[in-house]
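Notes for the structure review
Given next are the chains, with one letter for each unit.
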Amino acid sequence: FDSGRIEVRLDGSPLLDERLKGGGGKSRFVRTLGIPPGSHRLEVRVVSGKNFDDVVGIQGEFRPKEQKDMQVTVSPMTKRLKARFDEAETGAPRK
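Here we summarise the structure given alongside this text. (Residues numbered from 1 in each chain as written. Predicted model: local features only at pLDDT ≥ 70, side-chain atom pairs only at ≥ 80, totals over all residues. Heavy atoms only, no water.)

1. Quick word on the pairing of strand S4 (residues 52-62)
Of the two faces of S4, only one is covered, namely that formed by Phe-52, Asp-54, Val-56, Ile-58, Gly-60 and Phe-62; the face formed by Asp-53, Val-55, Gly-57, Gln-59 and Glu-61 stays uncovered. In this structure, strand S3 (residues 38-48) lies alongside S4, joined through eleven bridges in antiparallel fashion. If you follow Ser-39 over to S4, its bridge partner there is Glu-61. Counting the residues between successive antiparallel strands, the hairpin from S3 to S4 contains three residues, one of them, Gly-49, with a positive phi of roughly 55°. (Buried < 20%, exposed > 50% of the residue type's maximum accessible area, 1.4 Å probe, protein only. Helix = DSSP H or I, 4+ residues; strand = E, 2+ residues; numbered from the N terminus. Pairing = 2+ DSSP bridges.)

Set out below in C-alpha cells:
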C-alpha cells in the first residue's frame, strides 16, 4: 500500500500512532520505543484506507537496558500481519 497508519499499544495503552508512507513496494518503518522491564504485550495495527486493516499482538519479557527488535510484516499470500522479536541484546553495542 502507498499510505496508511500504524498504531502500537503496550498492554492496551497507546504507545505510538503515526502515518505510514510507502512507494507501493517493500517499505521499512523503524522506531525505538521505551518499554519498562517485565512481561508486556505489544499490539500493532496497520490501516490503509478500505483495503487493509489488521492487528497483531506479541508477548515479550523485557529486562532492564535490553533492546529487542520487533519485525512486523504483511504476508503476501494471506494479507495478514505477522510479528516476531529478533534476538535480544543487553546493553551491548550493535554490530
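2. A short note on the packing of aromatic side chains
Following the criterion strictly, the structure yields one aromatic pair and no others. Judged by centre distance (5.8 Å) and plane angle (85°), the rings of Phe-62 and Phe-85 are edge-to-face. Within this pair, whereas Phe-62 is found in strand S4, its partner Phe-85 is found in strand S7 (residues 81-85), the two being separated by 23 residues in sequence. Taking NZ or CZ as reference, Lys-68 lies 4.8 Å from the ring centre of Phe-62, over its face. The aromatic ring of Phe-85 is capped on one face by Lys-68, whose charged end is 4.9 Å from the ring centroid. (Phe/Tyr/Trp six-rings, centres within 6.5 Å; stacked < 30°, edge-to-face > 60°. Lys NZ or Arg CZ within 6 Å of the ring centre and 35° of its normal.)

3. Considerations on the pattern of salt bridges
Counted by the stated rule, this structure contains eight salt bridges. Between Asp-17 and Arg-5 there is a salt bridge, and its shortest N-O distance comes to 2.8 Å. One end of the pair, Asp-17, is in strand S2 (residues 13-21); the other, Arg-5, is in strand S1 (residues 3-10), and twelve residues separate them in sequence. Assessed through its relative accessible area of 45%, Asp-17 is described here as partly exposed. The partly exposed category is assigned to Arg-5, whose relative accessible area is 33%. For Glu-43, the salt bridge identified is with Arg-41, shortest N-O distance 3.4 Å. (Salt bridge = Lys/Arg side-chain N within 4 Å of Asp/Glu carboxyl O.)

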